[in-house]
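The residues making up each chain are set out below.
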Amino acid sequence: RSVLDQVLRVYRQERDRVEQQATTLETLLSGHHDEAIPSEPGIAQLEAADRQLESHFDPRHGGFGTQPKFPHPGAVTLLLTRWYDTGNPNLRTMASRTLEGMARGGMYDQLAGGFHRYSVDAQWIVPHFEKMSYDNAELLRAYVTGYQVTGDPLFRATAVGIIRWVREALADPAGGYGASQDADVGLEDDGDFFTWTLDEARDAIGDEAALAVASAYYDIGTAGEMQHDPAKNVLYVAEPLDQIARRLGLDPETAAGLLQAAEARLRAARARRPAPQVDHARYTGWNGMLAGALLHAFPVVGDDWARDHALLTLRRIRAEHPDPGRLRHAPGGVGGLLDDQVQVAQAALEAFEVTGDATWLDWSERLMDRVWEDYRDAAAGGLFDTAGTSGAGLLPTRLKPVQDAPTPSPNGVAALCLARLAEHTGDPRWSQRHRELVRAFAGQAAELGMFGATMLLGIDWALHPPTWLVVFEAAEPTAADRELADAMYRLALASFFPRRVIRLVRGGSTPDSLPSTLAAAAGAGTRGLACQGARCELPATTLDDWAGTLARLRPRS
């Protein structure tokens, strides 16, 4: 109230000064409206980004920079993509070390899953406790990809934890996800819901043996990390469990059981505390991000809820908007935001690949056609962040964002959508649009490094061939044929390949959009065929053969 009163006073009594400041601000910002710097996409841009990421990497704790330290999930995905294409082990190490550091730190909610916004320190220990849906969507993708590449069970467990938090805190049973969960309960609170004194942990756990394991594992002691209450401890993984077991004279199975029991009791005790409020606003773009990430995670972690609820969410988005090709930012709210359009279009592509239902592909095309019609800068290239201008002041100013700050750049997401549509449909308009879009930003993306990761991934699609994974079902399939085709399809969906295009072709049909080298294999019985550019593996007719085919396409690590 006091701030609003002051604004009103200044507006009424010093309006000339306010208008002069606004004019000055608009002049200063005018040179930053357009982040597009055109250039021809080239490998040198990706190599420059590799070097920039390496120069900012923290080899001790993972992540980039010092403190405060923010997650950069797009940069992790870019590093794993570049590792795949170059074989440079340092790129994979940077990605896996970052994922490990975040997952073991206090920025990850060790009891209920999900990530807080950022870490105030370089060690990922003390977070800003708010949890955002968009952060967790992109981190879910990164941890799923990390698990696909490394097989590290920590990465899978972290992905499962994110999904659990989304299901328990954000998900609407009718479809859709809330925007965030607050950091605090009241003005005097500073993460008290998430933190513990040693006495609080002792009261909750009860058993001294379980407390000994949990306090060593999560560093719960008399000296905590919170400045407002130094007795309060942020839970983070301070020491490997096998080392704790040896020090306490326990076998590993006993120590794991005691830790599991302690965690369950801490969760139950925390559930009795007043919980930070959840903002249940269903923002369309953020809902698209989470739905797409859940669909991406489903075949890897095997969680049917993730798939089913994501599809329910996308159906609800489609039903709630009077024009399904032009989305509103929230049900009944304003429209014309690029981020909403491209995030839902990308999620629709995920739904198409997971289900094989062409209606999702059709919807993605409709959304991206409207993007090209409503947001494109035909003169200078790139996409504006809004569909048009109206009103006065700075708010209607149209920008052409390429930075991931903090959500993925909508121009970068658009580039990925256009590239995938070009492959799935075979329609040259999508490849032409993709080329135009990445050319508009190619001169800027490499300089942004971690902040340009999404657009760099879009540029990567222009420079390297995709990996096609197609499962053909027999023309007159038996029950065994259907079972084999479904199993091969799930295996393809669970695999990591940059620029991946996956299709399931039922009943011997031959979609017009398939490349000719792949279409020739249709109708010859149930089989899987993998191609990278002009190189195709021999058709696989058993699940074991198909697993071997996919393994041969992966780089040796």
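Residues numbered from 1 in each chain as written. Predicted model: local features only at pLDDT ≥ 70, side-chain atom pairs only at ≥ 80, totals over all residues. Heavy atoms only, no water.

Colleague: Please clarify how the overall build of the protein chain should be interpreted in this entry.
Modeller: Of regular secondary structure, the protein chain possesses 21 helices and 9 strands. Rg of the C-alpha trace for the protein chain: 25 Å, near the compact-globule value of 24 Å for 557 residues, within the 12% margin. Along the first, second and third principal axes, the C-alpha set of the protein chain runs to 75 × 70 × 45 Å. Among the 557 residues that make up the protein chain, the fraction classed as buried is 55%. In the protein chain, the proportion of contacts linking residues at least 24 apart, taken out of those at least 6 apart, comes to 68%. Carbon and sulfur atoms provide 51% of the accessible area of the protein chain, an area that totals close to 23400 Å². (Helix = DSSP H or I, 4+ residues; strand = E, 2+ residues; numbered from the N terminus. Rg over C-alpha atoms; globule rule 2.2 N^0.38 Å. Buried < 20%, exposed > 50% of the residue type's maximum accessible area, 1.4 Å probe, protein only. Contact = heavy atoms within 4.5 Å. Areas by Shrake-Rupley, 256 points an atom, 1.4 Å probe, with all protein chains shown as cover.)

Colleague: For this particular structure, what's the right way to read the sheet that holds strand S9 (residues 535–536)?
Modeller: Each strand in a sheet pairs with another by means of backbone hydrogen bonds, the pair being arranged parallel or else antiparallel. Spatially, 4 strands are ordered S7-S6-S8-S9 in an open sheet, and the strand pairing comes out mixed. At either margin of the open sheet sits one strand with a lone partner, and together these are strand S7 (500–505) and S9. Relative to S9, strand S8 (residues 527–532) runs antiparallel, the two being bridged by 2 bridges. Its bridge partner being in S9, Gln532 is matched across the sheet by Arg535. (Pairing = 2+ DSSP bridges.)

Colleague: Got a minute to help me understand the packing of helix H9 (residues 208–217) against helix H10 (residues 241–248) in this structure?
Modeller: The axes of two packed helices give the description: the angle between them and the distance between them. Remark: H9 packs on H10, axes separated minimally by 10 Å, with the N-to-C direction vectors making an angle of 135°. On the basis of their axis angle, the class for H9 and H10 is oblique. As H9 packs across H10, the resulting crossing turns out to be right-handed. Where H9 abuts H10, its residues Ala212, Val213, Ala216 and Tyr217 lie against Leu241, Ile244, Arg247 and Leu248. (Axes fitted to C-alpha atoms, helices over the stretch in contact; angles between N-to-C directions. Parallel < 35°, antiparallel > 145°, perpendicular 65-115°, else oblique. Left-handed = near helix turned anticlockwise from the far one by under 90°.)

Colleague: What is the right way to read the pattern of salt bridges from this model?
Modeller: Should the charged atoms of two oppositely charged side chains come close, the side chains can pair. Under the counting rule described, the total for this entry stands at 43 salt bridges. Across the pair Glu14 and Arg17 runs a salt bridge, and its minimum N-O distance is 2.6 Å. The residue Arg316 makes a salt bridge to Glu320 at a minimum N-O spacing of 2.9 Å. With Arg316 and Glu320 both in helix H13 (residues 304–320) and 4 residues apart, the pair spans about one turn of that helix. (Salt bridge = Lys/Arg side-chain N within 4 Å of Asp/Glu carboxyl O.)

Colleague: It is not clear to me how the sheet that holds strand S4 (residues 180–181) should be interpreted in this structure. Could you clarify?
Modeller: Pairing is antiparallel across the open sheet formed by 3 strands, whose spatial order is S3-S4-S5. Sheet topology places strand S3 (131–132) and strand S5 (278–279) at the edges, where each strand pairs with a single neighbour. Bridge count between S3 and S4: 2 bridges; the pairing is antiparallel. Bridged to Lys131 within S4 is Gln181.

Colleague: I would appreciate a short explanation of helix H19 (residues 479–493) in the present structure.
Modeller: An α-helical segment advances 3.6 residues per turn. Residues three or four places apart therefore align on the same side. Between its first and last C-alpha atoms H19 spans 21 Å; for 15 residues at 1.5 Å apiece the expected length is 21 Å, and the two agree. Burial in H19 covers these residues: Asp481, Ala485, Ala487, Met488, Tyr489, Ala492 and Leu493. (Expected span 1.5 Å × (residues − 1).)

Colleague: For this particular structure, what's the right way to read the nonpolar core?
Modeller: Generally speaking, a soluble globular protein has its nonpolar side chains buried in company with each other. One finds Leu140, Tyr143, Leu314, Trp363, Met368, Leu469 and Trp546 to be the most contacted residues of the largest nonpolar core, which totals 131 residues. If we skip the residues at most four places from it in the chain, Trp363 touches Leu314, Ile317, Arg318, Pro324, Leu327, Val344 and Ala348. Listed in part, the 22 residues of the second largest apolar core include Ile220, Leu235, Leu259 and Ala269. (Core = buried A, V, L, I, M, F, W, Y, C linked by side-chain atoms within 4.5 Å.)

Colleague: Teacher, can you tell me more about the side chain of Arg273 here?
Modeller: Here Arg273 lies in the loop between helix H11 (252–271) and S5. The residues touching Arg273, leaving out its near neighbours within four places in the chain, are Asp192, Phe193, Phe194, Thr195, Trp196 and Glu200.

Read these as layout, nothing more, since geometry by itself doesn't imply function.
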